[in-house]
Amino acid sequence: MDQDEPRGDVVAAGGAAGVKKLGFFGRIALFFRQVIGELRKVVTPTRKELFKFTGVVLVFVAIMMALVYGLDTAFSWLTAQVFGVPQ
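Predicted model, so just to flag it, every value in this text is computed and none were measured. (Residues numbered from 1 in each chain as written. Predicted model: local features only at pLDDT ≥ 70, side-chain atom pairs only at ≥ 80, totals over all residues. Heavy atoms only, no water.)

Now for the overall build of the chain. Looking only at helices and strands, the chain has 2 helices and 0 strands in total. When the 87 residues of the chain are sorted by exposure, 3% land in the buried category. For the chain, the exposed surface amounts to about 8200 Å²; the carbon and sulfur share of it is 70%. (Helix = DSSP H or I, 4+ residues; strand = E, 2+ residues; numbered from the N terminus. Buried < 20%, exposed > 50% of the residue type's maximum accessible area, 1.4 Å probe, protein only. Areas by Shrake-Rupley, 256 points an atom, 1.4 Å probe, with all protein chains shown as cover.)

In this structure's numbering, the residues bearing the UniProt feature "transmembrane region" (unreviewed entry) are residues 50–71. Secondary structure across residues 50–71 divides into 100% helix and 0% strand, with the first and last C-alpha atoms of the span separated by 32 Å. (UniProt positions renumbered as here; feature names shortened; annotations may be inferred.)

All right, on to the packing of aromatic side chains then. For any two aromatic rings, the description comes down to two numbers: the centre-to-centre distance and the angle of the planes. Counting across every chain of the model gives 2 aromatic pairs. Between phenylalanine 24 and phenylalanine 25, the ring centres sit 5.2 Å apart and the planes meet at 75 degrees, which makes this aromatic pair edge-to-face. Phenylalanine 24 gets classed as exposed once you look at its relative accessible area, which sits at 51%. Residue class for phenylalanine 25 comes out exposed when judged on its relative accessible area of 66%. Centre to centre, the rings of phenylalanine 31 and phenylalanine 32 are 5.4 Å apart; their planes meet at 70 degrees, and the pair counts as edge-to-face. Given the relative accessible area of 49%, phenylalanine 31 is considered partly exposed. (Phe/Tyr/Trp six-rings, centres within 6.5 Å; stacked < 30°, edge-to-face > 60°.)

Quick look at the pattern of salt bridges now. Evaluation of the coordinates by the stated rule reveals 1 salt bridge. Between lysine 41 and glutamate 38 there is a salt bridge whose closest N-O contact spans 3.2 Å. A relative accessible area of 34% means that lysine 41 is categorised as partly exposed. The exposure class assigned to glutamate 38 is partly exposed, which follows from its relative accessible area of 46%. (Salt bridge = Lys/Arg side-chain N within 4 Å of Asp/Glu carboxyl O.)

Here we come to helix α2 (residues 47–83). Helix length check: α2 (37 residues) gives 53 Å between terminal C-alpha atoms against 54 Å at 1.5 Å per residue, within 8%. Directly after α2, the chain includes glycine 84, whose backbone phi takes a positive value near 75 degrees. (Expected span 1.5 Å × (residues − 1).)

This is the structure:
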């Protein structure tokens, strides 16, 4: 892809020879050109993939909620056993 090839408008940190240093507005323009270039690489998922990804996220969140709930319950019980519960 030609998007991945350097075009000479990236400013090197060490000041490479032959590459001019960009001014304030030049750096802003370069930033937006790079953002647009990256956005062109984004692939939109299909409807089937979107439902699959959503399902994976929901299952993962449910598992993490169960894990946190279990640890919270266990530590609450352990704290009550160690320090006692005032009557």
